[in-house]
Amino acid sequence: MKNTLLGSLYLSLAASIWGGMYVVVKHVVEFVPPLELVWIRYVIAIFALLIIGVITKQSWRIEKRDLLLIFMIGLIGNTISIITQEVGTMLSTAQMGAIITSTTPAFMVLFARIILKEKITLKKAISIILATIGVGVIVGNADIDPSLQLGGLSLLIASLTWALMSVLIKRVPGQYSQIVVTYYTTLVAIVILTPFTMSRLPELDVQAMMHPSIWGGLLYLGIISTACAFLLWNRGLQMLNASSGGLFFFFQPIVGTFLGWLLLGEQIGLSFWIGTILIFIGVLLVVREE
């Protein structure tokens, strides 16, 4: 029960951090294009992870048999998912980003069934239905502009690939520290993205990036939203079933929609609070089952 509560706390914090991330990305991406933004946040994150790893005296060795799995997690989750997520956020709204990517738990249940052979219990099914209805209620009175459809498609790809990555993490042997796993998967993303990014970096508006809201946003995305949140998410998934852990992703639309209202002027009403209650009930059912 202690592991369940601790894992629930880790996953809730990670999802809440990512909910706030959409507001930051929506602002920063106006000055730093998505590809360059992902690369910069990963460079910041990998230095943060390296410092944490050195201070905590981690073993950096990965067995050869596990290298392909680490690479796939880095490619699918840290690279494809994050790029499509930030492209989608740029082409849509912070609220839409948080809502669409919160379909991740449904995909996680599917992948957990296929890859990990986890059973879909009645409580899990009810939890997903309640939380999904909650998300629908939150976004229910938002009119989706057709011009945002490309952004929505990109966000859906981000959701699908993140779900697959989250399930693959369960295949990583428990002997490895999550700091080390997160470091190497981030390194994979940097190696893949660097050839596409280096020629574009000189085109960045350095003067605009010196504004506190921009470099502060980059530090938040690199240290908090990437290094810390990835650690929390990966650690939390090790403590719960993948299909159950995915339900905590529904905290994203709550935080994302609330901050979108608070900071960006996006409208929320009674539907937000009704949807939030449904999401919490869905998550509570999973915690009780675990």
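Note that the structure is a prediction, hence the values are computed from the model and not measured.

Rules of the game
- Numbering of residues starts from 1 in each chain and follows the order in which that chain's sequence is written.
- Where local features are concerned, this predicted model is filtered to residues with pLDDT of at least 70; where side-chain atom pairs are given and counted, the filter is 80 or more; whole-chain, interface and lining totals use all residues.
- Remark: hydrogens and water are excluded; side-chain values derive from all non-hydrogen atoms of the structure.
- The helix and strand labels rest on DSSP assignments: H or I over at least four residues marks a helix, E over at least two residues marks a strand, and numbering proceeds from the N terminus.
- Each residue's exposure class comes from its accessible area (1.4 Å probe, protein chains only) as a fraction of the maximum for that residue type: buried when under 20%, exposed when over 50%, partly exposed otherwise.
- The contact rule is simple, with two residues in contact once any of their heavy atoms fall within 4.5 Å.
- Working definition: a ring pair exists when centres of Phe, Tyr or Trp rings (six-membered ring for Trp) sit within 6.5 Å. Plane angles under 30 degrees give stacked, over 60 give edge-to-face, the rest tilted.
- To sit over a ring, a charge needs its Lys NZ or Arg CZ within 6 Å of the ring centre and within 35 degrees of the ring normal.
- The predictor attaches a confidence to each residue, and that confidence, scored 0 to 100, is pLDDT.
- Under the rule applied, a polar contact is a pair of N or O atoms within 3.5 Å (in protein, one hydrogen donor and one hydrogen acceptor; residues adjacent in sequence only if both atoms are side-chain atoms).
- Expected span of a helix, by definition, is 1.5 Å for each gap between consecutive residues, and there is one gap fewer than residues.

What follows deals with the overall build of the chain. Summing up its helical and strand segments, the chain has 13 helices and zero strands in all. Counting helices and strands in the order they occur from the N terminus, the chain gives α-α-α-α-α-α-α-α-α-α-α-α-α. Here the chain, with 290 residues, has 53% of them falling under the buried criterion. Long-range pairs, those at least 24 residues apart, make up 92% of the contacts in the chain with a sequence separation of at least 6.

Now for the packing of aromatic side chains. Describing an aromatic ring pair means giving the distance of the ring centres and the angle of the ring planes. Scanning the entire structure with this criterion turns up seven aromatic pairs. Seen from their ring centres, Tyr-183 and Tyr-184 are 5.4 Å apart, and the 80 degrees between their planes marks the pair as edge-to-face. Overall, Tyr-184 belongs to the partly exposed group, its relative accessible area being 22%. Through a chain of ring-to-ring contacts, three or more aromatic side chains come together here, namely Trp-18, Trp-162, Phe-230 and Trp-233. Directly above the ring of Tyr-42 sits Arg-41, whose terminal nitrogen or CZ lies 6.0 Å from the centroid.

Let us now look at the confidence of the model for the chain. Low-confidence regions, as indicated by low pLDDT, have predicted coordinates that should not be scrutinised in detail. Here the chain averages 82 in pLDDT, and 84% of its residues register 70 or above. Confidence, expressed as mean pLDDT per element, reaches its minimum in the chain at helix α4 (residues 94-100) with 64 and its maximum at helix α8 (residues 178-197) with 93.

One non-glycine residue, Lys-57, adopts positive backbone phi at about 55 degrees. Residue position: Lys-57 is located in the loop between α2 (34-55) and α3 (64-91).

Along the polypeptide, Ser-154 turns up in helix α7 (residues 149-169). Here Ser-154 falls in the buried class, since its relative accessible area comes to 10%. Side-chain polar atoms of Ser-154 contact the backbone oxygen of Thr-84, separated by 2.6 Å. Contact partners of Ser-154, with chain neighbours within four places excluded, come to Thr-84, Val-87 and Gly-88.

A few words on α2. The terminal C-alpha atoms of α2 lie 32 Å apart, and with 22 residues this matches the ideal 32 Å at 1.5 Å per residue to within 8%. Immediately beyond the C-terminal end of α2, within one or two residues, lies Lys-57, with a positive phi of roughly 55 degrees.

This paragraph deals with the side chain of Thr-84. Residue position: Thr-84 is located in helix α3. Of the polar contacts made by the side chain of Thr-84, one reaches the backbone nitrogen of Ala-158; its length is 3.4 Å. Once residues within four sequence positions are removed from consideration, Thr-84 is found in contact with Ser-154, Leu-155, Ile-157 and Ala-158.

Counting through the fold element by element, Gly-134 comes out in helix α6 (residues 122-139). Judged by its relative accessible area of 0%, Gly-134 falls in the buried class. It is 8.9 Å that separates the C-alpha atoms of Gly-134 and Phe-250, two residues lying 116 residues apart in sequence.

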